[in-house]
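This is what each chain is made of:
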Amino acid sequence: MTKPVSGAAPSPPTARAASLDQLCVNTVRALAMDAVQRADSGHPGTAMALAPVAYVLWQRHLRYNPANPDWFGRDRFVLSAGHACMLLYAALYLTGYDLSLYDIKHFRQWGSRTPGHSEHGLTPGVEATTGPLGQGVGNAVGMALAEAHLAQLFNRPGHSVVDHHTYFLASDGDLMEGVSHEACSLAGHLRLGRLIGIYDDNRITIDGKTDITFSDDTAKRFESYGWHVERVADGNDLGALDAALAAARRVADRPSLIIVRTHIAFGSPHKQDTPEAHGAPLGEDEVKLTKQRLGWPSLEPFHVPDDALAHWRLARERGARLEAEWSKKYDAYRRVHPELAAELERRLTGRLAEGWDEGLPTFGPPPGDAQATRAASGKVLNVIAPKLPELVGGSADLASSTNVVFKNGGDVSAGTWGARNVHFGVREHGMGVILNGLALHGGVRPVGSTFLIFSDYMRPPIRLAALCDLPVIYVFTHDSIGLGEDGPTHQPIEQLAALRAVPNLVVIRPADATETVEAWRMAILSRSGPVALVLTRQKVPVIDRAKYAPANGVRLGGYVLADARDGKPAIVLLASGSEVDLTLGAYERLVAEGIAARVVSLPSMELFARQPQEYRDAVLPPTVPARLAVEAAAPQPWYRWVGDHGVVMGIERFGASAPYQRIYQEFGLTVENVVRKAKEMLST
């Protein structure tokens, strides 16, 4: 039930201590105002409202060490309301992270470590890249799930080395976005007790007061999810904030949400509680008036009182002590459980186990082994999985279709967090953000799956995974019109092109079972960003590798699968996925007619683009302008590879409901049409 929190702190502070507390809080407000004003861009109001929350959290509750931002035993804090990043930057600078006042002064400038929305990997102490609202909430759920998973696997009686909390700070906008509903519903279902959310109830968005769009009873909604809920009626009441956070930490059997009533741009005579304070500087005159109202000791921009900085910087001593205590506990754990400690350390460093890719399945030539690449993928995964227990994940209610099931891995549920199969439910967007949180936490390698068409529901977290270099693996099945009777609502047309347009995302669409083995090998080896494996529903022939080139060319993104007898083709046929079989069929007919042809399997345009120009020219000779690409999808990505004189046989309309063989025929994607088009190109 919702529990009001008294404003009385356990031990009332002295007048001097209270004055110092207020000075520390107002230091955050002043830095936020000044940084946004100098940049002439940003969101000052939320940081000003939440300054007391940041002060209480960083000074009294959060476990961290500014000298070692990546200390594993730290608590995680995710600012889901990424527009309020000046709140986070101020806290990081003041507590003594490697972030200077110079960085604060260069907020939102080229090359600065204080960008307009906080970015993981750029700024020390930033746990997640946030900005698109709701994403950080889901990231925090993933982090809490990773903590629960590792704690159950590695902790032993008397040795709890995985025991941190995950906090997130969400705005009204975060809780309006549907992704937060998806993620928080699952968090409640899984009873992630070390997850604590703080909801900034300031009731203002860009377009006005929230009552024009938002009348939810947030407390009841989260209670219905299975969360514990606290309320703080006044966001400036440090004692009430302290008590609410302490109460949330005592609740171990479910996540907690603390609803804090705040006032955006607190202290501003003319901008407090107005939408204008959300996304624009207050203005120089208003900044001065606000500082005067707050009793700020200087009107000079970026003034940081010595007393306030010294008090904030006590976090360095506290952090060093906390890490030393944890390290002592971990050393004792390592002595008693050396094998467990070694395995945990291997996982946290991302080092692959020895021999992880030994014994991968082999698939014989057709006709006997014809199978869907999704089926082959499931077989490969379950050969790899026992050797890489850090692989964890599942599907958005489609495990039996995507074949992402860890045999004997158990199902993750409340109390069985150490299992491997995560049932995300029909929550593709939520799955995407939770996968990112798992990856950000470390110690696990997340895998998520759904139909390719529903990758559209996951676009924001896929994009952020690519932006943050997160090694998430996506398995997208039912990759084309080849899924057949489900029709155009489920047949992806533009999705491949859309995914290939995302920087730093590697898309691999294997042609057969043998390429699927190599695709998984590349996905596991990739550590600098996400990988999407795009797989068929329908069976496809297994390419005879005794006759054609070996599948290890997948590592290069594209390779010559079949060539003209003298290695000098008159035309190059390119394809990915199930359409490679069409080009091989066309190749055989062309060769039989004396036409010198080459087939290039191009499962990954991104990997191919990374190869040296010499290799790419060897595969696609510049002297051969006749290039014909075939793919049952939107043709745009192929024009880079076929050139000005090439042709793409793709699909520029939606699909249809029928058996897949009939759809391919009606859309002209047949061996006969590939041969006809190739001859037509050579005759012009």
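The structure under discussion appears in the preceding block.
About the thresholds
Residues numbered from 1 in each chain as written. Predicted model: local features only at pLDDT ≥ 70, side-chain atom pairs only at ≥ 80, totals over all residues. Heavy atoms only, no water. Buried < 20%, exposed > 50% of the residue type's maximum accessible area, 1.4 Å probe, protein only. Helix = DSSP H or I, 4+ residues; strand = E, 2+ residues; numbered from the N terminus. Pairing = 2+ DSSP bridges. Axes fitted to C-alpha atoms, helices over the stretch in contact; angles between N-to-C directions. Expected span 1.5 Å × (residues − 1). Core = buried A, V, L, I, M, F, W, Y, C linked by side-chain atoms within 4.5 Å. Contact = heavy atoms within 4.5 Å. 1 Å grid on protein atoms, 1.4 Å probe; cavity = no way out; pocket = protein on both sides within 12 Å on 5 of 7 lines; lining within 4 Å. Points joined across faces, edges and corners; volume = space filled by probe spheres on them. Salt bridge = Lys/Arg side-chain N within 4 Å of Asp/Glu carboxyl O.

1. Some points on the pairing of strand 3 (residues 166-170)
Here's step 1: Counting buried positions over the five residues of strand 3 gives five, a clear majority of the element.
Here's step 2: Of the two faces of strand 3, both are covered, the one formed by Thr 166, Phe 168 and Ala 170 as well as the one formed by Tyr 167 and Leu 169.
Here's step 3: Pairing of strand 2 (residues 76-79) with strand 3, which is carried by four bridges, proceeds in the parallel orientation. Residue pairing across strands places Val 78 opposite Phe 168, the latter belonging to strand 3.
Here's step 4: Sheet topology note: the strand 3/strand 4 (residues 195-201) ladder contains five bridges and is parallel. Along strand 4, the bridge assignment pairs Phe 168 with Gly 197.

2. Considerations on the sheet that holds strand 19 (residues 647-649)
Here's step 1: Judged by pairing direction, the sheet is mixed, and its five strands sit side by side in the order 15-17-16-18-19 without closing on themselves. For this open sheet the edge positions go to strand 15 (559-562) and strand 19, each flanked by a neighbour on one side alone. Neighbour-to-neighbour, the strand axes of this sheet turn through a mean angle of 30°, independent of strand direction.
Here's step 2: Both strand 18 (residues 627-630) and strand 19 contribute to a ladder of three bridges, which runs parallel. Note that in strand 19 the partner of Val 630 across the bridge is Met 649.

3. Here we look at helix 1 (residues 15-39)
Here's step 1: For helix 1, built from 25 residues, the straight-helix expectation of 36 Å at 1.5 Å per residue is met to within 8% by its first-to-last C-alpha distance of 36 Å.
Here's step 2: Just past helix 1, the residue Asp 40 takes up positive phi, approximately 55°.

4. Quick word on the nonpolar core
Here's step 1: Core analysis: the biggest nonpolar cluster contains 75 residues, and Phe 168, Leu 192, Leu 195, Trp 227, Ile 434, Tyr 474 and Leu 505 have the highest contact counts within it.
Here's step 2: Sequence-distant contacts of Leu 195, defined by excluding residues within four places in its chain, comprise Ala 140, Val 141, Ala 144, Thr 166, Phe 168, Ala 187, Trp 227, Pro 255 and Ser 256.

5. A closer look at the layout of surface pockets
Here's step 1: For the largest pocket, the calculated volume is near 890 Å³.
Here's step 2: What lines the largest pocket is a set of 42 residues, and nearest its centre among them are Leu 348, Ala 439, Leu 440, His 441 and Gly 442.
Here's step 3: For the lining of the largest pocket, the secondary structure elements donating two or more residues are helix 12 (314-336), helix 13 (338-349) and helix 16 (428-441).

6. Side note on the pattern of salt bridges
Here's step 1: The final tally for this structure, using the stated rule, is 32 salt bridges.
Here's step 2: The salt bridge involving Asp 253 is made with Arg 254; its shortest N-O contact spans 3.6 Å.
Here's step 3: Residue classification places Asp 253 among the partly exposed positions, given a relative accessible area of 41%.
Here's step 4: Where Asp 563 meets Arg 598, a salt bridge forms, and the shortest distance between an N and an O atom there is 2.8 Å. Here Asp 563, found in the loop between strand 15 and strand 16 (571-575), pairs with Arg 598, found in strand 17 (residues 597-601); they are 35 residues apart in sequence, far enough to count as distant.

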